[in-house]
Amino acid sequence: MFCLFCIFLHETTAKRKLKFVSIVFRHGDHTPQEFFPTDKHKEIARQQGYGQLTKLGIQQQYELGQYMRRRYSHFLSVVYKQCEIYVQSTDCDHTLMSAQASLAGLYPPTQGQIWNPRILWQPVPVHTMPLSHDNLLYLPFSHCPKHKELLRETFATRDFQKQFKHYKPFLKFLATHTGYPLKKLTAERIWKLSDTLQYEDSTNYTLPVWATHGVRTKLIKLSELLLQAEFGFHKQIQKSRLQGGVLLKTILKHISDARKPSHHQKMVMYSTHAATIAALQMALNVFNGKMPPYSACHFFELYQEKNGQVSASFQPEQLLELQSPFSSSVRMGVIWLPNPSRILCFSFHIILILLQQTTAARELKFVVVVFRHGDRTPIVNFPTDLHKESEWPQGFGQLTKIGMQQLFELGQYMRKRYSSFLNSTYNRQEFYIQSTDYDRTIMSAQSYLSGLFPPTSSQIWNPELLWQPIPVHIFQKSPEQRLNFPLPNCPRFDELQQETQTSKEFQNRIQPYMDFLQTMAINTGLELNHLKILDNFQLWNTYDTLHCEGIHNYTLPVWATKDVIEKMEKLAELSLLSLFGVYKTEEKSRLQGGVLVNIILNSIKQAVNSSKPRKMEVYSAHDTTVGALQIALNIFNGKLPPYAACQFFELYQESNGQYSIEMHYRNDTSKDPYLLTLPGCTSSCPLEKFAELVSPVITENWSKECGKKDKMKDIFIGFNVAVGLLSIFNLVLLYLLYHYGHCRHRNNYQDI
């Protein structure tokens, strides 16, 4: 029998066994998300950015992670295991950074996981999705007409108006002093205004004369009233079904899954906002009416009782009780972490943007970087493989300590390369990084950032941990906006792949290896017909598995000699080349690598035409990403991109005011990056010429060229055709009735 707990204190008893935990917490202290029109401290946004996690916020979340480590020391493994924990955040800088900071406290590397003795931190993936697609954590959902209708009803109720009428003069007072029009003082703006004044007060900024302690207290009370109205107060159950109940349903689904014997996941963690926690608690009918403070954390704990009975202590001041859908008692509580006095330390740096190369003739303006993740464990094993997934501590497809170090060194290299271009401290307005939604690419991005932006001076929040969280955003998942190639759901590309396998160009390259492939089929246990089809990744993955096992000193099969491995590498290179090239390369590129070329080119054009201060965009991706991109640009060297391989695009403004692009490729840490030349241009290619030369691989309508049918268009056309046929049928019927039916011989009205 199972019993679900969401409690304040950890009570270890021999009578029960903890099975699963779900945690929802609010982010840490952050800079204001908005400044009111008359605010005199808007320079905070210029220096630190809107809604950015502060050093205090990082420390709060780090301490929350340390608390979780103590609380679950006998439940969670001491070392991070990807099969045990899953972390999701809203796609906001302060929640992403809060999740990273909490994980730094929860999983400090120990013994075998220490990859850098100078930085006692390790990357742990935090997953997210664009806010426009977040139907779980980013509350209240703005795209719910029914909730808006319920909210209007709430504002019109007698109970709400009775409480709200006391604040109407206060709203006019706020409008007068903040500069906001009265109609613009929405619930969200009230929350942000309260948050801004609290921040400025706690960081010792001079507050406006009107923002007295009494005014700020009243503003908090108004914020709490509006928060209750948003998710409760009137028709609370209906609102909860549309808002907090969505998250609650997901949590209960995880808990239900955790009851299965085959379930291995121990914890799911959500990094969210005050409104998310309030909505969740109102759905559970346990909200205390107070705005959840920074780092507020709600725990759900599932226990299995040994005697089959439910037993739990109840402390009225700390525990809240409700009925559980699992026919057992549920106890819940919330932990508020201590909120020490805020200390804001920031320094204003004016950085002269110098040139990447020592010349006064040109100026570096913008950089785009695409790199492959670091060393990882195998993706799959083959039938006769000597080693199973269980022999790899983190399982398949996970970043290793070597991989972390590789990306850390890439970050250090880029810090040196762009020392006169990038700010020495992390600045969200200058820098943006995205990753595919894979643990190894997210962790690679985090490791890279630890080398690129080590905290200095005012950014050091923990002298014993020279690391700082920096948000890693997940690349959009629409088919034509992905980083993980080959892009799926493209029928025309599938056709091209089939044509490639039978093409003369491909057959001429693979025929010399046919005898070798037959031998490989015997040795690996894979079918020969599958091995010959290089775009199904079977041979490539087999080479990759042996390559990974060799790097990590696993015993290789007797048949996997140096000569065999080299031949497999050549076939893996042919796999990559034939996937995006060999046959009808330009058309393939329009459907694959050209999509990324277009994204990069648009970013560069925006950097030319925009006054925004962004200097660098970075993509953490895969070998197929780098390969597809280089083949589309016709600069591919035929070799598999190694771990941490990095493609640079640098935009320069020449002395004559014109813009040019340089491309560099780093695939060897012992050498400087190779300067690449786009065919038909010079190594420093004028932007207009570059855009002209790459235009053949850029499509305006990816779905159309892929041959994907627009279902709605087909329905519309079908409907029009049906209406047309029906109209013709009616005309024919009328004609027949008129000429041959009784209608023709009917007497006129006058003759009746």
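Everything quoted here is computed from the prediction, not taken from an experiment.

**A word on the overall build of the protein**
The number of helices and strands found in the protein is 25 helices and 16 strands. Residue burial in the protein is summarised as follows: out of 752 residues, 53% are buried. The long-range fraction of contacts in the protein, counting pairs at least 24 apart against all pairs at least 6 apart in sequence, stands at 77%. As presented, the protein carries roughly 35,200 Å² of accessible surface, and 54% of it is formed by carbon and sulfur atoms.

**So, the state of the cysteines**
Counted under the stated rule, the structure contains two disulfides. The side chain of C490 participates in a disulfide bridge whose partner is C706; the two sulfur atoms lie 2.1 Å from each other. Every disulfide takes its handedness from the sign of the S-S torsion; for C490 and C706 that torsion is -95°, giving left-handed. Here C706 lies in helix α24 (residues 702–706) and C490 lies in the loop between β11 (473–474) and α14 (491–502), a separation of 216 residues in the sequence. Accessibility assignment for this pair places C490 and C706 in one class, buried. For C681, the disulfide goes to C685, at an S-S distance of 2.1 Å. With the S-S bond torsion at 100°, the cross-link from C681 to C685 turns out right-handed. Numbered by position along the chain, the disulfide-linked cysteines of the protein connect as 1-4, 2-3.

**A closer look at unusual backbone geometry**
The amide bond that connects L139 to the next residue, P140, takes the cis arrangement and shows omega of -5°. With respect to the helices, strands and loops of the structure, P140 is situated in the loop between α3 (93–106) and α4 (145–156). Between F485 and the following residue, P486, the backbone shows a cis peptide bond with an omega angle of 0°. Here P486 is to be found in the loop between β11 and α14. Residue N204 is not a glycine yet carries a positive backbone phi of 65°. Of note in this structure, S295 is not a glycine but carries a positive phi near 70°.

**Describing the packing of aromatic side chains**
Counted according to the given criterion, the structure contains 26 aromatic pairs. With a centroid separation of 5.6 Å and 80° between ring planes, the pair formed by Y80 and Y107 is classed as edge-to-face. Here Y80, found in the loop between α2 (55–71) and β3 (85–89), pairs with Y107, found in the loop between α3 and α4; they are 27 residues apart in sequence, far enough to count as distant. A single burial state applies to Y80 and to Y107, both of which are buried.

**Quick notes on the pairing of strand β4 (residues 267–272)**
Most of β4 is tucked away: six of the six residues are buried. Here β4 shows no split at all, with M267, M269 and S271 on one side and V268, Y270 and T272 on the other all buried. Here strand β2 (residues 16–26) runs beside β4; their pairing, made up of six bridges, is parallel. Note on β4: the bridge partner recorded for S22 is V268. As paired strands, β3 and β4 are joined by five bridges and run parallel to one another. Looking at β4, one finds that Q88 is bridged to Y270.

**Some points on the pattern of salt bridges**
Scanning the model with the defined rule gives 23 salt bridges in all. Where K192 meets E188, a salt bridge forms, and the shortest distance between an N and an O atom there is 3.2 Å. On the criterion of helical spacing, the pair formed by K192 and E188 is a turn pair, its members being four residues apart in helix α7 (residues 187–202). You can call E188 partly exposed: its relative accessible area is 45%. The salt bridge involving D623 is made with R372; its shortest N-O contact spans 3.5 Å. Residue D623 is located in helix α22 (residues 623–632), and its partner R372 is located in strand β9 (residues 362–372); the two are separated by 251 residues in the primary sequence. A relative accessible area of 13% places D623 in the buried class. One continuous salt-bridge network, built from bridges that share partners, spans R492, E495, E499, K584 and E587.

**Some words on the packing of helix α21 (residues 593–609) against helix α23 (residues 687–694)**
Between α21 and α23, whose axes approach to 12 Å, the crossing angle comes to 160°. Judged by the inter-axis angle, α21 sits roughly antiparallel to α23. Along this stretch, α21 crosses α23, giving a crossing that reads as left-handed. Within the contact between the two elements, α21 uses V597, L601, I604, K605 and V608 and α23 uses L687, F690, A691 and V694.

**Things to note about the confidence of the model for the protein**
Of all residues in the protein, 84% attain a pLDDT of 70 or more, and the chain-wide mean is 85. For the stretch residues 309–333, pLDDT sits under 50, and the model shows 68 contacts to residues farther than four places along the chain or on other chains.

**Details of the nonpolar core**
Judged by nonpolar contacts, the single largest core of 76 residues is most densely connected at I604, L633, F649, M663, F690 and V694. For this core, the element with the most residues is helix α19 (residues 562–580), which contributes nine residues. When near neighbours in sequence (up to four residues on either side) are disregarded, V694 contacts V597, L601, L633 and L678.

**Overview of helix α11 (residues 274–283)**
Counting buried positions over the ten residues of α11 gives nine, a clear majority of the element. Along α11, the positions that sit buried rather than exposed are A274, A275, T276, I277, A278, A279, L280, Q281 and M282. N285, located one to two residues past α11, shows a positive phi value of around 60°.

**Regarding the side chain of K239**
Secondary-structure assignment places K239 in helix α9 (residues 236–242). A distance of 2.5 Å separates a polar atom in the side chain of K239 from the backbone oxygen of A229. Not counting residues within four places of it along the chain, the set of residues in contact with K239 comprises H147, L150, L151, T154, A229, E230, F231, G232 and H234.

**Overview of the environment of H373**
Relative to the elements of secondary structure, H373 occurs in the loop between β9 and α12 (401–417). The residues touching H373, leaving out its near neighbours within four places in the chain, are L407, R440, T441, S444, A621, H622, Y643 and A644.

**What about the side chain of N427?**
Relative to the elements of secondary structure, N427 occurs in the loop between α12 and β10 (431–435). Reaching out from N427, the side chain makes a polar contact with the backbone nitrogen of Q429 at a distance of 2.9 Å.

What counts and what doesn't
- Sequence order as written defines residue numbering, which begins from 1 separately in each chain.
- It should be noted that, the model being predicted, local features are given only for residues of pLDDT at least 70 and side-chain atom pairs only at 80 or more, the latter also being counted only at that level, while totals for whole chains, interfaces and linings use all residues.
- With hydrogens and water excluded, all non-hydrogen atoms of the structure serve as input to the side-chain values.
- Under the DSSP-based scheme used, a helix requires at least four consecutive residues in state H or I and a strand at least two consecutive residues in state E, with every element numbered from the N terminus.
- For every residue, the accessible area (1.4 Å probe, protein chains only) is compared with the maximum for its type, and the residue is labelled buried under 20%, exposed over 50%, or partly exposed between those bounds.
- It only takes one pair of heavy atoms within 4.5 Å for two residues to be counted as in contact.
- Areas reported here follow the Shrake-Rupley algorithm with a probe of radius 1.4 Å; residue values treat only the protein chains shown as occluding.
- By convention in this document, the label disulfide applies to cysteine sulfur atom pairs within 2.5 Å.
- Within 6.5 Å between ring centres, the rings of Phe, Tyr and Trp (the latter by its six-membered ring) count as paired, and their orientation is classed by plane angle as stacked under 30 degrees, edge-to-face over 60, tilted in between.
- We call two strands paired when DSSP finds no fewer than two bridges between them.
- Each reported salt bridge corresponds to a side-chain nitrogen of Lys or Arg within 4 Å of a carboxyl oxygen of Asp or Glu.
- Between N-to-C directions, angles span 0 to 180 degrees; the directions come from axes that are lines fitted to C-alpha atoms, helices contributing only their stretch in contact.
- Should an angle fall under 35 degrees it is taken as roughly parallel, and over 145 as roughly antiparallel, whereas 65 to 115 is taken as roughly perpendicular and any remaining angle as oblique.
- Left-handed describes a crossing whose near helix is turned anticlockwise from the far helix through less than a right angle; right-handed describes the clockwise counterpart.
- Confidence of the prediction at every residue is given by pLDDT, a number between 0 and 100.
- Take the buried residues of types Ala, Val, Leu, Ile, Met, Phe, Trp, Tyr and Cys, join any two whose side-chain atoms come within 4.5 Å, and each joined set is a nonpolar core.
- Polar contact criterion, stated in full: a pair of N or O atoms within 3.5 Å, where within protein one must be able to donate a hydrogen and the other to accept it, and residues adjacent in sequence count only if both atoms are side-chain atoms.

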